[in-house]
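The residues making up each chain are set out below.
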Amino acid sequence: MNAITRRQVLWGGLGLAGAGFLAGCTAAPGRPATSPSPIPSPTPLTPSPGQTVVSATLTPRPVTLDLGGPTAPTWAYGDTLGTELLRAKAGDLLRVTVDNQLPTETSVHWHGIRLRMAADGVPAVTQPAIAAGQRYTYEFVAPDPGTYFFHPHSGVQIDRGLYAPLIIDDPAEPGGYDAEWVVVLDDWTDGIGPSPDDILASFQAQKGTVSTGMNHGNMGGMGHGSMGSPLGDAGDVNYPHYLVNGRIPTAPTTFSGEPGQRVRIRFVNAGADTIFRVALGGHVLTVTHADGFAVEPRETRSFYLAMGERLDVLVTLGDGVFPLVARPEGKSGTGWALVRTASGTAPTPGVLVSELDGTALAVTDLTAAESARLPDREPDAILDVQLNGQMQPYAWGINGRTFGQHTPLSVGEGQRVRLRMTNMTMMSHPMHIHGHTWGLPGSGGLRKDTVLVLPMQTVEADLQADNPGTWMYHCHNIYHAEIGMMTTLVYR
């Protein structure tokens, strides 16, 4: 890759604030002097009697972000990363206007939300791209409570500062905790190292052909020791920084609490190419939700979180200052924050955290809570999906084809469809489905919209075909997706 090695990237975590958040931002450099003709937004939705409407404005634009010392010229929705969010209740109507002040087109995908196709945010599939200077309004009902996030579905824009948490509250939430923290993990390079577009171009220049069959080699040039990971090769890009809520380890985010408090922590992996192993020093975590849906509670000292995945945990805080660590799997560096419940000296970034030793919890080791399971039903159709490709020459695809040359996966409305995903490569792939959630029969019905498929592993995922349309299905490593590991699921 010439000057760009397989692991040169750093990126940060961002969010947006509730109703009306980021409205009224000023125009940024690079915005056209005159706006093009507006593109039509989908047919407006009429609120039901008593339904709450949550309105907000997103303003993607060029900004310079302070990562805790280093400053990064980039694109973002706000002036900070990982500290703001958009929030609503299950059943609310969300009405979000995007005012595109970028020098190029963009879009917004509402990751994990089972919404109507018109609001899914995929240019050329569900909408026209939002051109520079244009405004576009998304309207949708969020049916399921949980931890989600949003980001563009335009090129590799997610590997800038364009993302934020989306929290959908449960009106019937029993609580049982004293505080809530949202923790966004990220990898960062834009404005500091090679740009995401340059990294993608270096991969595209290899013009690789997608290999089929079991690919035990041909990875080439790794040099990072990731094959020692139980996840196989976990990523392609070595980032300069790994961020927790937009901050580097030497200027960390600090979460404050009191000894004995019970805290709900919502974790989001907004990274483009990095799987994290996560732990809170001195604590045992109880996992309660995965990708928004309840699981049978499971205690763990650490867990893996792949790109696009979210995990909720409960923890009872100890007395002192503790490191919250997100170690990038198979890469050097760390994401680092602090949890402080008392005075005392903060641990130094890089100090050994014993909770990271031993076996980490894989999300697929969890089991769905009874309330989250799909109704029992045998599949009406089984679709075999092969994940193909290799690092050198760089090429990734599904069923031996890249996106654009793909054969869509066809389903019938009302069917229970089982996707049988087999990873024929030596890399892990977090596979993401739009507009639906899967139930994983091999994981006690665990409900997921993003599932990590390990090298040479087969994962079965059941989908209830109850949301007609054309839906994206792809790897959430953004470089794999943009190179071609992406297809569509189409209703007959």
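Residues numbered from 1 in each chain as written. Predicted model: local features only at pLDDT ≥ 70, side-chain atom pairs only at ≥ 80, totals over all residues. Heavy atoms only, no water.

1. As for the pattern of salt bridges
Right, so step 1: One pass over the full model with this rule turns up 26 salt bridges.
Right, so step 2: Note that R266 and D312 form a salt bridge whose closest N and O atoms lie 3.5 Å from each other. A residue pair is termed long-range when its members are at least 10 positions apart, and R266 in strand 13 (residues 262-269) and D312 in strand 18 (residues 310-316) qualify at 46 residues. Residue R266 shares its accessibility class with D312, and that shared class is buried.
Right, so step 3: In this structure, a network of salt bridges that share partners links the residues R87, D169, E173, E180, R264, R266 and D312. (Salt bridge = Lys/Arg side-chain N within 4 Å of Asp/Glu carboxyl O. Helix = DSSP H or I, 4+ residues; strand = E, 2+ residues; numbered from the N terminus. Buried < 20%, exposed > 50% of the residue type's maximum accessible area, 1.4 Å probe, protein only.)

2. Brief notes about the pairing of strand 19 (residues 321-328)
Right, so step 1: Within strand 19, seven of the eight residues are buried, leaving the element largely enclosed by the surrounding structure.
Right, so step 2: Relative to strand 20 (residues 335-340), strand 19 runs antiparallel, the two being bridged by six bridges. Residue pairing in the sheet places V325 in a bridge with W336 of strand 20.
Right, so step 3: Between strand 19 and the antiparallel strand that follows it, strand 20, lie six residues; G330 among them carries a positive phi value of about 75°. (Pairing = 2+ DSSP bridges.)

3. Here we look at the sheet that holds strand 24 (residues 416-423)
Right, so step 1: The strand order across the open sheet formed by six strands is 22-21-24-29-26-27, and the pairing between neighbours is mixed. The sheet is open, and its two borders are formed by strand 22 (395-398) and strand 27 (446-448), each paired with just one other strand. The sheet shows a mean angle of 25° between the axes of neighbouring strands, taken without regard to direction.
Right, so step 2: Both strand 24 and strand 29 (residues 458-464) contribute to a ladder of seven bridges, which runs antiparallel. From the neighbouring strand, M421 faces strand 29, where its bridge partner is V459. (Axes fitted to C-alpha atoms, helices over the stretch in contact; angles between N-to-C directions.)

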